[in-house]
Each structure stands twice: as structure tokens, then as C-alpha cells.
Amino acid sequence: MRIAVSLQLLIESGCGGIAPWWLVLLELAVVLALAFGVLTPVAALASAGFQVTCLLHADWPHAASLMTATVTAIALVLLGAGAYSLDARLFGRRRLVVPPDPERQ
């Protein structure tokens, strides 16, 4: 999912027009952070922000792909980086363990 979000941001970079150099470098940094899984929730939120900004200036045929990219980035914020990422290597894998229901026993 990280790769899909980073490719969507890379394809939609610049909002279809000529972007300033600093915005291109910022988008490239976010793409690389997503691809390698470094600070994934922050990078995915930045990606969603880029997509929403482009969505405000897009025409209707282009808006559908931007909405899909935004929803995918928000899903990545909620899901996290995954097991094969630098986040998992640096901070450890998180596992949710649901305790048994005491009323059922």
C-alpha cells in the first residue's frame, strides 16, 4: 500500500502544471519516505494534503483519480507502515492482542 500511495503521488505531482522546484523536492521526499516506510503516517498525511490541494484545482475527469489517491493515503495513515518498513525496524512491530472476554468463561 505504501508503494501504491507513493506512485499515485509521483504520477500526480505538480497538479498537472509546472510546480516550483521546492514543491517538487518536497513531493520527492514524501515519495521516498513512503516507499521506504520512514515516518509513514506523517508522510501519508502529507501525501493526502498534496492530493487534496490538487483536487481543489482539478477538472472532473482528473478529480476521480485524485479522490482515489486521497482515500488511499488516508487508509495508509490509519493502517500504518506494515512489517516490511523502516518504521517497523526502528520502532518495532506492534501487535494488537485482544484479551479474552471474562463473561464468556
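Owing to the predicted nature of the structure, the values given are computational and were not obtained by experimental measurement.

**Points about the confidence of the model for the chain**
Should the pLDDT be low somewhere, the predicted coordinates at that spot are not to be read in detail. Of all residues in the chain, 96% attain a pLDDT of 70 or more, and the chain-wide mean is 83. Confidence scores differ between elements of the chain, with helix α5 (residues 86–91) showing the lowest mean pLDDT of 77 and helix α3 (residues 40–56) the highest of 89.

**So, the packing of helix α1 (residues 2–11) against α3**
It is at 10 Å that the axes of α1 and α3 come closest, and there the two elements cross at 35°. When you trace α1 past α3, the crossing you get is left-handed. Across the interface between the two elements, Arg2, Val5, Gln8 and Leu9 of α1 pack against Thr40, Ser47, Phe50 and Gln51 of α3. Grouping the amino acids of the contact of α1 with α3 by side-chain chemistry returns three nonpolar, four polar and one charged.

**Comments concerning α1**
It helps to recall that an α-helix has 3.6 residues per turn; residues three or four apart then point in one direction. Within α1, the full set of buried residues consists of Arg2, Val5, Ser6 and Leu9. Taken down its axis, α1 places every buried residue within 95° of arc, on the same side.

**Some points on the layout of surface pockets**
In this model, the largest pocket occupies a volume close to 260 Å³. The greatest single-element share of the lining of the largest pocket, amounting to three residues, is contributed by α5. Partitioned by chemical class, the residues of the lining of the largest pocket number six nonpolar, four polar and four charged.

**Points about the environment of Pro41**
Examined against the element boundaries, Pro41 turns out to sit in helix α3. Overall, the relative accessible area of 36% leaves Pro41 in the partly exposed class. C-alpha separation for the pair Pro41 and Leu76, spaced 35 residues apart in sequence, amounts to 7.0 Å. If we ignore the near neighbours within four places in the chain, the residues touching Pro41 are Val77 and Asp87.

**A look at the packing of helix α2 (residues 21–36) against α3**
Packing of α2 against α3 brings their axes to within 9 Å, and their N-to-C directions diverge by 135°. The angle between the axes of α2 and α3 places the two elements in the oblique class. Considering only the axes of α2 and α3, their crossing is left-handed. Two secondary-structure elements touch here, α2 through Leu23, Leu26, Glu27, Val30, Ala33 and Leu34 and α3 through Thr40, Ala43, Ala44, Ala46, Ser47 and Phe50. Looking at side-chain class alone, the contact of α2 with α3 contains nine nonpolar, two polar and one charged residues.

Here is what the cut-offs are and how they apply
- Residues numbered from 1 in each chain as written.
- Predicted model: local features only at pLDDT ≥ 70, side-chain atom pairs only at ≥ 80, totals over all residues.
- Heavy atoms only, no water.
- pLDDT = per-residue confidence, 0-100.
- Helix = DSSP H or I, 4+ residues; strand = E, 2+ residues; numbered from the N terminus.
- Axes fitted to C-alpha atoms, helices over the stretch in contact; angles between N-to-C directions.
- Left-handed = near helix turned anticlockwise from the far one by under 90°.
- Contact = heavy atoms within 4.5 Å.
- Nonpolar A, V, L, I, M, F, W, Y, C, P; charged D, E, K, R; others polar.
- Buried < 20%, exposed > 50% of the residue type's maximum accessible area, 1.4 Å probe, protein only.
- Arc of directions from axis to C-beta.
- 1 Å grid on protein atoms, 1.4 Å probe; cavity = no way out; pocket = protein on both sides within 12 Å on 5 of 7 lines; lining within 4 Å.
- Points joined across faces, edges and corners; volume = space filled by probe spheres on them.
- Parallel < 35°, antiparallel > 145°, perpendicular 65-115°, else oblique.

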